[in-house]
Amino acid sequence: MSSEEQRPLGPLSGGTLTSVPGITVGHWTDPAARTGCTVVVLPEPNVVAGEVRGAAPGTRETALLAPGMSVQRADAIVLTGGSAFGLAAADGVVTALEADGRGFPTSAGPVPIVPAAAIFDLVPGADGCRPTAENGRAAYAAATGDPVPIGRVGAGAGAVVARWRDQRRPGGLGSAAVRVGDAIVGALAVVNAMGDVFTLAGESLTGGFSAPTVLQADPGAGENTTLVVVATDAALDRSELTRVAVRSQGAIATCIRPAHTAFDGDTCFTASCGERTVAAHDIAEAAFVATAAAIESAIPPAVT
């Protein structure tokens, strides 16, 4: 192995999920209500997998992503605020994809496959402020291959972190990309975690303790979630993508402390959208680095 091959993997300068060829991303944001949704549109063909490790997820069509299922692909992935109400944003993406002629072929025409996951950003007394099907269509229409805007946008508009110690510091949406061999691995993260956030090197971005301790405040069951989408232009099957999701979840546990708790709904989607030949293990390690960098970039600079 050459010294170049032994160098640690690192994020591409300016890289985001859209650094993966064919991936487009769009946001709809309501800054006043502090909510929104984000749509990741996948090129064809693709293979998609996913893994849920938090005990309080809000999801749609994630069962379809398990190994052994008949449908291996998806047309888009929706990340949204609004808790279970916000999953309605995926309905708008489904109808928009249908209008574009995309979907799994059936005897009655194409049926778009759109897995989705939600964070809890509901505000007491603001019951009308949650993403709708119309908002999902708007995010889909806004999808481009430009670098992904990060911060308090899209599904990250109302994200907070450090609820476990009753600090409620701003979270957000981040994205990063890593090159490994001839392939690109990109990640997008919506960080709305019970825990505090740290860099991959262990630097605290939000305060708190780097080692576990007892809860200092009631974080609210089901009110915390980190959502991640990882994509690559390497050719991987669903089994391999499932292992990529495991490593991405490992980055969540490294950079968010605590993570995968009874109060979180941590969910990761993974997608193969190309034919590059790179070992699945190397793609998984790049996903670990890209996920960590995306989480770090999601935290507003004022918090650091």
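What you are looking at is a predicted structure, and each value in this text was computed from that prediction instead of being measured.

Draft legend 1. Representation of the environment of R276 in the model. Here R276 shows up in strand 14 (residues 267-276). For the pair R276 and I184, spaced 92 residues apart in sequence, the C-alpha to C-alpha distance is 9.1 Å. If near-sequence neighbours (up to four positions away) are discounted, R276 is found in contact with D182, A183, D233, A234 and A235. Within polar-contact distance, the side chain of R276 engages the backbone oxygen of D182 at 3.4 Å.

Draft legend 2. Structural view of the layout of surface pockets. The computed volume of the second largest pocket comes to approximately 220 Å³. Around the second largest pocket sit 13 residues that line it, and R34, V123, G158, V160 and R168 are the ones nearest its centre. In the lining of the second largest pocket, the residues fall into five nonpolar, one polar and seven charged.

Draft legend 3. Geometry of the pairing of strand 10 (residues 183-192). Burial runs high along strand 10: 10 of the 10 residues are buried. With burial as the criterion, each face of strand 10 is covered, one bearing A183, V185, A187, A189 and V191 and the other bearing I184, G186, L188, V190 and N192. The antiparallel pairing of strand 9 (residues 172-180) with strand 10 creates a hairpin that spans two residues between the two strands, and G181 there sits at a positive phi of about 60 degrees. Bridge count for strand 10 against strand 12 (residues 225-234) is eight bridges, and the pairing is antiparallel. If you follow V190 over to strand 12, its bridge partner there is L227.

Draft legend 4. Highlighting unusual backbone geometry. Cis geometry marks the peptide bond from E44 to P45, where omega comes out at -5 degrees. Within the fold, P45 resides in the loop between strand 2 (35-41) and strand 3 (47-52). The omega torsion of the bond from R257 to P258 falls at -5 degrees, within 30 degrees of zero and hence cis. If you trace the backbone, P258 turns up in the loop between strand 13 (256-257) and strand 14. A positive phi angle, near 55 degrees, is found at S83, a position not held by glycine. With respect to the element layout, S83 can be found in helix 1 (residues 83-86). Positive phi outside glycine occurs at H260, with the angle close to 55 degrees. Residue placement: H260 occurs in the loop between strand 13 and strand 14. Residue H260 is classed as partly exposed on the basis of its relative accessible area, which comes to 22%.

Draft legend 5. Focus on the sheet that holds strand 9. The five strands lie next to each other as 3-14-12-10-9, forming an open sheet whose pairing is mixed. Across the chains shown, the open sheet's two edge strands, defined by having one partner strand only, are strand 3 and strand 9. If you compare each strand with its neighbour and ignore which way they point, the axes differ by 15 degrees on average. Across the sheet, helix 5 (residues 280-298) lies against strand 9, strand 10 and strand 12, angled at about 150 degrees from strand 9, the strand it touches most.

Draft legend 6. Representation of the packing of helix 4 (residues 238-255) against helix 5 in the model. Running from N to C, helix 4 and helix 5 point in directions that differ by 35 degrees, and their axes come no closer than 8 Å. Both helix 4 and helix 5 take part in a crossing whose hand is right-handed. Two secondary-structure elements touch here, helix 4 through E240, R243, V244, R247, S248, G250, A251, I252, T254 and C255 and helix 5 through A280, I283, A284, E285, A287, F288, T291, A292 and I295. Tallied by class, residues from the contact of helix 4 with helix 5 come to 11 nonpolar, four polar and four charged.

Draft legend 7. Broad picture of the sheet that holds strand 2. Spatial strand order, 1-2-5-6-4: five strands in an open sheet with mixed pairing. Because the sheet does not close on itself, it has two edges, and the strands there are strand 1 (24-30) and strand 4 (59-60). Across seven bridges, strand 1 lies against strand 2 in antiparallel orientation. Within strand 2, the residue paired with G26 across the bridge is V39. Helix 2 (residues 89-99) contacts strand 2, strand 4, strand 5 (76-80) and strand 6 (116-118) of the sheet and is inclined by roughly 155 degrees relative to strand 5. Running at roughly 50 degrees to strand 2, helix 3 (residues 133-141) makes contact with strand 1 and strand 2 of the sheet.

Here is what the cut-offs are and how they apply
Residues numbered from 1 in each chain as written. Predicted model: local features only at pLDDT ≥ 70, side-chain atom pairs only at ≥ 80, totals over all residues. Heavy atoms only, no water. Helix = DSSP H or I, 4+ residues; strand = E, 2+ residues; numbered from the N terminus. Contact = heavy atoms within 4.5 Å. Polar contact = N/O pair within 3.5 Å; in protein donor to acceptor, adjacent residues only side chain to side chain. 1 Å grid on protein atoms, 1.4 Å probe; cavity = no way out; pocket = protein on both sides within 12 Å on 5 of 7 lines; lining within 4 Å. Points joined across faces, edges and corners; volume = space filled by probe spheres on them. Nonpolar A, V, L, I, M, F, W, Y, C, P; charged D, E, K, R; others polar. Buried < 20%, exposed > 50% of the residue type's maximum accessible area, 1.4 Å probe, protein only. Pairing = 2+ DSSP bridges. Axes fitted to C-alpha atoms, helices over the stretch in contact; angles between N-to-C directions. Left-handed = near helix turned anticlockwise from the far one by under 90°.

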